[in-house]
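# Tertiary structure, described
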Amino acid sequence: MISRKNASISKFIIHKVGNKFNDTKNAFSEKTVDFDEASYDLMLPFLLRPFGSVVQSYRFNHHANISLNEINTYSTQLFNDEEAFVEVSKHIVMHLYEQSNSANIKLATF
């Protein structure tokens, strides 16, 4: 289990990943979500809940070189360039959209 007691959320944006098989389009936000302190305290446990029951840890990989893994590269950019947060998050949505191979997959990105 992953410990969440020291976790925090410094930036938050909501995008919707479409589904090319159902002809639904991606929807992008242009601004991050700003929480007041009370809303943040209310939302943090809700947003971190899915990570509390993860028994298995997940790692990015690539058969040739980890730097060729797109999500790993985007994640690195998110942590290293705060000004690029909105644009990089859009690239993640587009990547997820392109990787979807089922009409039944429903994705939301936060």
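The structure we're discussing is the one just above.
Just so it is clear, the structure is predicted and the values come from calculations on it, not from any experiment. (Residues numbered from 1 in each chain as written. Predicted model: local features only at pLDDT ≥ 70, side-chain atom pairs only at ≥ 80, totals over all residues. Heavy atoms only, no water.)

### A look at the overall build of the protein
Selection criterion: Each helix is a run of H or I in the DSSP string that is no shorter than four residues. Each strand is a run of E no shorter than two, and both are numbered from the N terminus. Here the term buried applies to any residue with accessible area under 20% of the maximum for its type, exposed to any over 50%, and partly exposed to those in between, with areas from a 1.4 Å probe on protein chains only. Any pair of residues with heavy atoms lying within 4.5 Å of one another is described as a contacting pair. To measure how exposed things are, a 1.4 Å probe is used in the Shrake-Rupley method; for residues, cover is taken only from the protein chains shown.
Looking only at helices and strands, the protein features three helices and two strands. Starting at the N terminus, the α and β elements of the protein follow one another as β-α-α-α-β. Going through the 110 residues of the protein one by one, you find that 25% of them count as buried. Counting only contacts in the protein whose residues sit at least 6 apart along the sequence, the fraction spanning at least 24 positions is 62%. When the accessible surface of the protein is summed, it comes to about 8500 Å², and 54% of that surface belongs to carbon and sulfur atoms.

### Details of helix H2 (residues 70-80)
Residues lying three or four places apart along an α-helix face the same way, a consequence of the helix completing one turn every 3.6 residues. Under the convention used in this document: This arc is taken over the directions from the axis of the helix to the C-beta atoms.
Taken residue by residue, H2 has Ile-71, Asn-72, Tyr-74 and Ser-75 as its buried positions. Seen end-on, H2 carries its buried residues on one side only, within an arc spanning 165°. Against helix H3 (85-99) lie the buried residues of H2.

### Section: the pattern of salt bridges
Working definition: two side chains of opposite charge can pair if their charged atoms are close together. Operational definition: A carboxyl oxygen of Asp or Glu within 4 Å of a side-chain nitrogen of Lys or Arg is what we treat as a salt bridge.
On inspection of all chains with the given rule, the structure shows four salt bridges. Two residues, Lys-20 and Glu-98, come together in a salt bridge whose shortest N-O distance is 3.7 Å. Separated by 78 residues along the polypeptide, Lys-20 in the loop between strand S1 (15-17) and helix H1 (37-52) and Glu-98 in helix H3 bring together distant segments of the chain. Overall, the relative accessible area of 31% leaves Lys-20 in the partly exposed class. Residue classification places Glu-98 among the partly exposed residues on the basis of a relative accessible area of 47%. Glu-30 is the salt-bridge partner of Lys-90, the closest N and O atoms lying 2.8 Å from each other. Pair noted here: Lys-90 is in helix H3 and Glu-30 is in the loop between S1 and H1, with a separation of 60 residues, a long-range link. Classification of Lys-90 as buried rests on a relative accessible area of 10%. Judged by its relative accessible area of 55%, Glu-30 falls in the exposed class.

### Focus: H3
Operational definition: By definition here, a helix of n residues has an expected span of 1.5 Å times n minus one.
In a regular helix each residue adds 1.5 Å, so 15 residues correspond to 21 Å; H3 covers 21 Å between its end C-alpha atoms and thus fits that length. Of all the residues in H3, the buried ones are Phe-85, Val-86, Val-88, Ser-89, Lys-90, Ile-92, Val-93, His-95 and Tyr-97.

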